[in-house]
Amino acid sequence: MIFTTAAVLGATLGTASGILTLCGLSLICRSCKKGKLESGEDADPEKAKPSVLHSSEQFSVEKSTEPIQPRTLLKFPKIYKPKPSVTSSEVISYPDHASEKGGEPSPEGPSTEPDAGNQATDSSDTFTILRQDSKDETPCARDLTNGMTTSSSILHPKLHFSLTYYTDQNELHITVIEAEHLCVGSGCEGYVAGVLTFAAGQREAQTSSRRLTSHTRWEEGLVFSLPGGYEVEGEVALSLHSCDRFSQNTNLGVMRFKLVDVGMMSNADCWVDLQPPKQQDVQSAGELLLSISYLPAANRLGVVVMKARGLQSDKLKDSIDLSVKLALKHQTTKLKKKQTRRVKHKMNPVWNEMMMLEVPRELLSKSSLDLEVLNQASPGEQESLGRCQLGLQASNTGLQHWQQMLDNPRKQIAMWHPLYD
């Protein structure tokens, strides 16, 4: 029993001493390692490893009043694009191809073109956008410029003639040579009429009728007798007329000159622009207020029939049932017809109706609008109270309104138009 207790006690003390010995040895090893690390850092601080808390670089901050110029740190990567074929015209100005062939590279390298990283490598989807100060025109800009007709780009009819005064016969000979820039329909014939107006009276002469085209020649003479010579007060008017298959006579333009200018114009070829004829002083049957606009992107002509005033009351005795009929014409061919609703029992009717007409922009110069105010006198019977025309072939307000529409696309322009029987 005594030996068993001594053995157990000895084993327990041996185990405890072993554990204490191991703990002491581990503490001694840790202290030794820590001492070696601290001694190494003090002896050679340059070999110390940099960390987040201990940096190997030392910075010094100094105040300076000089501006700091930033440096570009980011560079766009070089984009490898397929080289053009040898037969392409772009090979001459392609910088990469020139450098490979031994030529001088362009002064601007790939690093100076930051937009190169956004360019597509497929040549079929690459678009060129020119700067505003470039002298070249893009096809799109050229199409927009030439597609939309403006009043400044309208070509008025021109007349080519010459005149000679024969002193021994006291006769003025005017030779009508040709006319150009004529906008007429197919099948129209035309002639040039001359009217001499002076104190002794009025004399008229005209050429023969010819089939009208954009360029028509006559080479015919008009003879006027001047018994008192040309140094008298008077004038000569030359006008170009067209006549369609319905025998409707239209004055395309007129020019005038004084008799006292015959001596200066004698034996000289003259090219003159024919001006629209003046509207005759005829009592109007009322007025019609219209607003028109043109949308180039949609090729649509908008016409707003607003209201009328001053209609002749002698034609509105029995019943008042008013409407406006509109016709779109290309030269002499009617393309579209529309009519407003009827307004009853009002001498100054108000419609405020918009009508949209599809007209390509290249046909605007040869198109026109005919409007007519109608009264439903009885069932099935409509009486015309007056009409007006808008277009480059019209005169006065009709011509002025159309020109303002061409000069101001996408803008509503309103104007009163007199109505004539």
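The present account deals with the structure reproduced in this document. What you see is a predicted model, and the numbers here were worked out from it, not measured in a lab.

### Some points on the sheet that holds strand 6 (residues 215-225)
And step 1. Pairing within the open sheet is antiparallel, and its four strands lie in the order 6-2-1-9. Only two strands of the sheet have a single neighbouring strand rather than two, namely strand 6 and strand 9 (268-273). Direction aside, neighbouring strands of the sheet carry axes that sit 20° apart on average.
And step 2. Summarising the sheet, strand 2 (residues 171-180) and strand 6 pair through nine bridges and their orientation is antiparallel. Within strand 6, the residue paired with His173 across the bridge is Val223.

### Examining the pattern of salt bridges
And step 1. Taken as a whole, this structure holds ten salt bridges when the rule is applied.
And step 2. Among the ionic pairs, Lys329 bridges to Asp370, the shortest N-O distance being 3.4 Å. You can see Lys329 sitting in strand 12 (residues 321-330) and its partner Asp370 sitting in strand 16 (residues 367-378), a full 41 residues away along the chain.
And step 3. Residue Asp370 is classed as partly exposed on the basis of its relative accessible area, which comes to 22%.
And step 4. Here Arg341 makes a salt bridge to Glu353, at a shortest N to O gap of 3.1 Å. With Arg341 in the loop between strand 13 (333-339) and strand 14 (343-344) and Glu353 in strand 15 (residues 350-358), this residue pair connects regions lying twelve residues apart in the sequence.
And step 5. Taking the relative accessible area as the measure of exposure, Arg341 reaches 44% and is therefore partly exposed.
And step 6. One salt-bridge network, in which partners are shared between bridges, spans Glu178, Arg217 and Glu219.

### Here we look at the environment of Trp218
And step 1. By secondary structure assignment, the location of Trp218 is in strand 6.
And step 2. Sequence separation between Trp218 and Ser208 is ten residues; the distance between their C-alpha atoms is 8.0 Å.
And step 3. Other than its neighbours up to four places away in sequence, Trp218 contacts Val176, Ile177, Glu178, Ala179, Gly190, Tyr191, Val192, Thr207, Ser208, Arg210, Leu212 and Leu240.
And step 4. In terms of polar contacts, Trp218 uses its side chain to reach the backbone carbonyl oxygen of Ser208, at 3.2 Å.

### Quick look at the packing of aromatic side chains
And step 1. All told, the structure shown has two aromatic pairs when counted by the stated rule.
And step 2. Here the aromatic rings of Phe161 and Phe257 are separated by 6.3 Å at their centres, their planes lie at 15°, and the arrangement is stacked. Placement of Phe161 in strand 1 (residues 158-166) and of Phe257 in strand 8 (residues 249-258) is noted, with a sequence separation of 96 residues between them.
And step 3. Its relative accessible area of 0% is what places Phe161 among the buried residues.
And step 4. Measuring from ring centre to ring centre gives 4.9 Å for Tyr165 and Tyr230, while their planes differ by 80°; the resulting arrangement is edge-to-face. On the criterion of sequence distance, the pair formed by Tyr165 in strand 1 and Tyr230 in the loop between strand 6 and strand 7 (234-243) is long-range, its members being 65 residues apart.

### A closer look at the side chain of Glu353
And step 1. Within polar-contact distance, the side chain of Glu353 engages the backbone nitrogen of Arg341 at 3.1 Å.
And step 2. In this view, Glu353 contacts Val303, Val304, Val305, Thr340 and Arg341; residues no more than four positions away in its chain are not counted.

### Remarks on the sheet that holds strand 11 (residues 300-309)
And step 1. Read across the sheet, four strands follow the order 15-11-10-18 without closing on themselves; strand pairing throughout is antiparallel. Since the sheet does not close on itself, it has two edges, and those belong to strand 15 and strand 18 (413-418), each with one partner. The average angle at which neighbouring strand axes cross in this sheet is 25°, direction not considered.
And step 2. One ladder, built from nine bridges, connects strand 10 (residues 287-295) with strand 11; its direction is antiparallel. Paired with Glu287 across the two strands is Arg309, which belongs to strand 11.
And step 3. Against the sheet, helix 5 (residues 397-407) contacts strand 10, strand 11 and strand 18, and its axis sits at roughly 170° relative to strand 18.

Calculation criteria
Residues numbered from 1 in each chain as written. Predicted model: local features only at pLDDT ≥ 70, side-chain atom pairs only at ≥ 80, totals over all residues. Heavy atoms only, no water. Pairing = 2+ DSSP bridges. Helix = DSSP H or I, 4+ residues; strand = E, 2+ residues; numbered from the N terminus. Axes fitted to C-alpha atoms, helices over the stretch in contact; angles between N-to-C directions. Salt bridge = Lys/Arg side-chain N within 4 Å of Asp/Glu carboxyl O. Buried < 20%, exposed > 50% of the residue type's maximum accessible area, 1.4 Å probe, protein only. Contact = heavy atoms within 4.5 Å. Polar contact = N/O pair within 3.5 Å; in protein donor to acceptor, adjacent residues only side chain to side chain. Phe/Tyr/Trp six-rings, centres within 6.5 Å; stacked < 30°, edge-to-face > 60°.

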